[in-house]
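Below are the chains, spelled out letter by letter.
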Amino acid sequence: MSDFLPIQPAIAARAMAQGRGWRLTEFVCRAGPADRPFEEQHEQVSIAAVLEGSFSYRADTGHALLHPGALMLGNAGACYECGHDHATGDRCLALHLAPELFAEISASAAGSARFRFPAAMLPAGRDLMAPLVALLAAGEQQLPAEQAAIHLTERVVALLSCQAAPRLVLKARDQRRIGNALQHIAAQAGEPLGLDDLAAVAGMSKYHFLRCFRSVTGLAPYEYLLNLRLRRAALRLCQSSAPVAAIAFDCGFGDLSTFNARFKAQFGLSPRRFRARHRSPAG
């Protein structure tokens, strides 16, 4: 597995999602015991979740056997080797972060912008399960993928530095900036919104914006946006006779099946049953 594209013929890469300072890529490796390991270099900070298969990983931080559920860790600029001594093939989801973004996350999660991974591998234990699953579930959706990527990085850094992130105390200026972002979300909720765009509206770095937003609302931006869309859709179901699909698309949902599933999870009823129960007589 390599940070660079194009890569070795034995490895296929598929871009999943990306934004300023990060990218998410699925790697499928077909190498086996007969293939000789070769030296590669981490261009950026790397956190790779092993989804299938196993392989050996040797870096400046040690030697580890990577297996499903484990996280492969790589520091920017570090050389490494991967080998398949006992099995053929693996599949990984690799998160690559620019050193500047990683330094900002580390300054909060570890108390130092100079933090570097001290180990080659980290098992996906209980503390990492939720952010890892969120990252896998986000897939190619840019905003939830970026949020999950930052959250996973926070947890990895906090675990390896053995300290929890300090409680954030917001300044009045930051509260006003988050207020501007909330107004923007309300005005553009039916359109695609990215973390870079929202951070720009707030006049913050996206990591600082994400932390401040969670402190103010108790939710990450995507969860806040999703809840807003669902509330608006529910209100329209009660007040209009427009088709369910039209309401879903107008409120920002890309497909009807996703809308139906999320609506039922939120309200306990399908959109049609919800409308039948709550529609006003004048609707």
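Novice: Just to check I follow, could you spell out the pairing of strand S4 (residues 45-53) for this structure?
Specialist: Here is the key point about a regular strand: its side chains alternate between the two faces of the sheet. Where S4 and strand S9 (residues 90-97) come together, eight bridges link them in antiparallel fashion. From the neighbouring strand, Glu 52 faces S9, where its bridge partner is Arg 91. Judged from the four bridges that link them, S4 and strand S7 (residues 70-74) form a sheet pairing that is antiparallel. Across the sheet, residue Ile 47 finds its bridge partner in S7, namely Leu 73.

Novice: Is there a simple way to think about the packing of helix H1 (residues 99-109) against helix H3 (residues 142-161) in this case?
Specialist: Where H1 contacts H3, the two axes come as close as 9 Å, and the packing angle between them is 50°. In terms of orientation, H1 and H3 fall into the oblique class. Two packed elements cross with a definite hand, and for H1 against H3 that hand is right-handed. Only Ile 150, Thr 153, Glu 154, Val 157, Ala 158 and Ser 161 of H3 make contact with H1, whose side of the interface consists of Phe 102, Ile 105, Ser 106 and Ala 109.

Novice: Quick question: what am I supposed to make of the confidence of the model for the protein here?
Specialist: Close inspection of predicted coordinates is inappropriate in any region flagged by low pLDDT. Scored by pLDDT, the protein comes out at a mean of 90, with 94% of its residues at no less than 70. Summarising per-element confidence for the protein, the mean pLDDT is lowest in helix H2 (residues 126-138) (85) and highest in helix H8 (residues 244-250) (97).

Novice: Can you walk me through the side chain of His 84 in this structure?
Specialist: You can see His 84 is positioned in the loop between strand S8 (79-83) and S9. Taking the relative accessible area as the measure of exposure, His 84 reaches 5% and is therefore buried. For His 84, the side chain forms a polar contact with the side chain of Asp 90, separated by 2.6 Å. Ignoring sequence-local partners within four residues, the contact set of His 84 consists of Cys 29, Ala 31, Gly 32, Pro 33, Ser 54, Phe 55, Gly 89 and Asp 90.

Rules and cut-offs
- Residues numbered from 1 in each chain as written.
- Predicted model: local features only at pLDDT ≥ 70, side-chain atom pairs only at ≥ 80, totals over all residues.
- Heavy atoms only, no water.
- Pairing = 2+ DSSP bridges.
- Helix = DSSP H or I, 4+ residues; strand = E, 2+ residues; numbered from the N terminus.
- Axes fitted to C-alpha atoms, helices over the stretch in contact; angles between N-to-C directions.
- Parallel < 35°, antiparallel > 145°, perpendicular 65-115°, else oblique.
- Left-handed = near helix turned anticlockwise from the far one by under 90°.
- Contact = heavy atoms within 4.5 Å.
- pLDDT = per-residue confidence, 0-100.
- Buried < 20%, exposed > 50% of the residue type's maximum accessible area, 1.4 Å probe, protein only.
- Polar contact = N/O pair within 3.5 Å; in protein donor to acceptor, adjacent residues only side chain to side chain.

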